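# Structural description and commentary
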Amino acid sequence: MDMILVLTIFIVVFALAFDFINGFHDTANAIATSVSTRALTPRQAIILAATMNFIGALTFTGVAKTITKDIVDPFTLENGSLVILAALVAAIAWNLITWYYGIPSSSSHALIGSVAGAAISAAGWDVIHYQGFLKILESLIISPFLAMGVGFVIMSLFRFLFKDANLTRTTKGFRLFQVVTAALQAYTHGTNDAQKTMGIITMALIAAEMHHSDVVPEWVRISAALAMGLGTAVGGWKIIKTVGGKIMKIRPVNGAAADLSSALVIFSATLLHLPVSTTHVISSAIMGVGAAQRVKGVKWGVARRIVMTWIITLPISALIAGFVYQILRLFF
């Protein structure tokens, strides 16, 4: 069997595995607040999130095209199939490490850092499309701060609008509303995160000369959506525990505010064809909502630990990918 075909099959398998892991790693963030406030049972939340993730993943392809062509040029990438395989192995390894320790790190940072690291290891620094890469980095960096600001504003608005409302009735109403916001958040997660895997597979097909444009093939869209939906169904309870309770005490009103804030930021990024970290956005929205109520109510020690993981994920995943690429070269 042709070696390029073998590598491409490996890439598709590893890419779908990454998408599956993304489902239980990152989607846990999307349902954490609704589970912690008991707006939904864990089983209900997982079924809802898996369904909405699948639908969201089939809706858009703009982010996939950005991943396909804005980091490196798949049409000219030297040893492109091996580079992409190394990137996937590194991203999966980092995701599993952070999942094991219950740290809500970014699958997006891991994947993008891994692609860049493997490409540099293969062809040097000049292989990177710096304009496109910096655009992606800007969206990854700005989106958490934007989510924190939006969370602060929406929570402040809720506090003003419902300051004289009956507490019991308001809590019940926001618990019902949180079912809607959880569904919306899971949908937006699918519209952005699943597309990263679609972009990687499309890049691999181009590098192997099996595809000749950045248009995502239909089978890639469907398989990526299914992989993420199945991963969501497995669940990620360690990360739910961190996001749903360790950052701040979640109640229905602030849970709904956090869900709505993060969904707005993620969906806006999807419409602009920009990949963002759903982990960063959701965690930051929770911090913003908590700060709007009481700054001391946010457990900033846990928040600092999360932020440190955000900072180190991209360079560490890049280094791992560069190392993996050099190892794979010995065998292929």
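Residues numbered from 1 in each chain as written. Predicted model: local features only at pLDDT ≥ 70, side-chain atom pairs only at ≥ 80, totals over all residues. Heavy atoms only, no water.

Let us now look at the packing of aromatic side chains. Applying the stated criterion across every chain, the model contains seven aromatic pairs. Ring centres of Phe60 and Phe267 lie 5.7 Å apart, and the angle between their planes is 70°; this geometry places the pair in the edge-to-face category. In this pair, Phe60 is assigned in the loop between α2 (42–57) and α3 (62–69) and Phe267 in helix α10 (residues 252–271), connecting sequence segments 207 residues apart. Using a relative accessible area of 22% as the deciding quantity, one classes Phe60 as partly exposed. With a relative accessible area of 27%, Phe267 lands in the partly exposed category. Aromatic side chains Phe158 and Phe162 sit 6.3 Å apart centroid to centroid with 75° between the ring planes, which places their arrangement in the edge-to-face category. Phe158 gets classed as buried once you look at its relative accessible area, which sits at 10%. Here Phe162 falls in the partly exposed class, since its relative accessible area comes to 38%. (Phe/Tyr/Trp six-rings, centres within 6.5 Å; stacked < 30°, edge-to-face > 60°. Helix = DSSP H or I, 4+ residues; strand = E, 2+ residues; numbered from the N terminus. Buried < 20%, exposed > 50% of the residue type's maximum accessible area, 1.4 Å probe, protein only.)

Mapping Ser261 onto the fold places it in helix α10. Those residues in contact with Ser261 that lie beyond four places of it in its chain are Ala147, Val150, Gly151, Ile154 and Ala285. (Contact = heavy atoms within 4.5 Å.)

We now examine α10. When the terminal C-alpha atoms of α10 are compared, their 28 Å separation across 20 residues agrees well with the 28 Å that a helix rising 1.5 Å per residue should span. Burial analysis of α10 places 15 of its 20 residues in the buried class, the great majority of the element. Where α10 ends, the next residue or the one after it, His273, has phi of about 65°, a positive value. (Expected span 1.5 Å × (residues − 1).)

Attention now goes to a nonpolar patch on the surface. The grouping of Met3, Phe10, Phe323, Ile327, Leu330, Phe331 and Phe332 at the surface amounts to a nonpolar patch, some 770 Å² of accessible area in total. In this structure Leu330 comes out as exposed when scored by relative accessible area, which is 68%. (Patch = residues over 30% accessible without salt bridge, like charges linked within 9 Å, V, L, I, M, F, W, Y side chains within 5 Å. Areas by Shrake-Rupley, 256 points an atom, 1.4 Å probe, with all protein chains shown as cover. Salt bridge = Lys/Arg side-chain N within 4 Å of Asp/Glu carboxyl O.)

What follows concerns unusual backbone geometry. The backbone of Glu209 shows a phi angle near 60°, a positive value even though the residue is not glycine. Turning to its location among the elements, Glu209 is positioned in the loop between α7 (167–207) and α8 (218–234). In this structure, His273 is a non-glycine residue whose phi angle is positive, near 65°. Relative to the assigned elements, His273 resides in the loop between α10 and α11 (278–293).

So, on to the pattern of salt bridges. Scanning all chains against the criterion turns up four salt bridges. One salt bridge in this structure joins Lys135 and Asp70, with 2.9 Å as the shortest N-O distance. With Lys135 in helix α6 (residues 130–161) and Asp70 in the loop between α3 and α4 (80–100), this pair connects stretches of sequence that are 65 residues apart. A relative accessible area of 35% places Lys135 in the partly exposed class. The class for Asp70 is buried, based on a relative accessible area of 11%. Among the salt bridges present, the one from Lys196 reaches Asp193, with a minimum N-O distance of 2.6 Å. Here Lys196 and its partner Asp193 are both found in helix α7, three residues apart, which amounts to about one turn of the helix. Accessibility classification places Lys196 together with Asp193 in one group, the buried group.

A separate point is the side chain of Asp19. Relative to the helices and strands, Asp19 is located in helix α1 (residues 3–36). In contact with Asp19, not counting residues within four places along its chain, are Asp193, Ala194, Thr197, Ala224, Ala225, Ala227 and Met228.

Where α6 contacts α11, the two axes come as close as 7 Å, and the packing angle between them is 35°. Crossing hand, α6 versus α11: right-handed. Contact residues: Leu140, Ser143, Pro144, Ala147, Met148, Gly151, Phe152, Met155, Ser156 and Arg159 in α6; His280, Val281, Ser284, Ala285, Met287, Gly288, Val289, Ala291, Ala292 and Gln293 in α11. Among the residues making up the contact of α6 with α11, the classes are represented as twelve nonpolar, seven polar and one charged. (Axes fitted to C-alpha atoms, helices over the stretch in contact; angles between N-to-C directions. Left-handed = near helix turned anticlockwise from the far one by under 90°. Nonpolar A, V, L, I, M, F, W, Y, C, P; charged D, E, K, R; others polar.)

Among the secondary structure elements, Val215 is positioned in the loop between α7 and α8. Separated by 16 residues in sequence, Val215 and Gly199 place their C-alpha atoms 9.2 Å apart. What Val215 contacts, discounting residues up to four positions off in sequence, is Lys65 and Thr202.

So, on to the environment of Arg43. With respect to the secondary-structure elements, Arg43 resides in helix α2. A relative accessible area of 67% places Arg43 in the exposed class. With 190 residues separating them in the primary sequence, Arg43 and Ala233 have C-alpha atoms 8.7 Å apart.

Turning our eyes to something else, we now look at the packing of α2 against α8. Between α2 and α8, the least distance of the axes is 8 Å, while the angle of their chain directions is 165°. Compared by their axis directions, α2 and α8 come out roughly antiparallel. Judged by the twist between their axes, the crossing of α2 over α8 is right-handed. Residues Ile46, Ala49, Ala50, Asn53, Phe54 and Ala57 of α2 touch α8, and the partners they reach there are Ile222, Ala225, Leu226, Met228, Gly229, Thr232 and Ala233. Split into classes, the residues belonging to the contact of α2 with α8 amount to ten nonpolar, three polar and no charged. (Parallel < 35°, antiparallel > 145°, perpendicular 65-115°, else oblique.)

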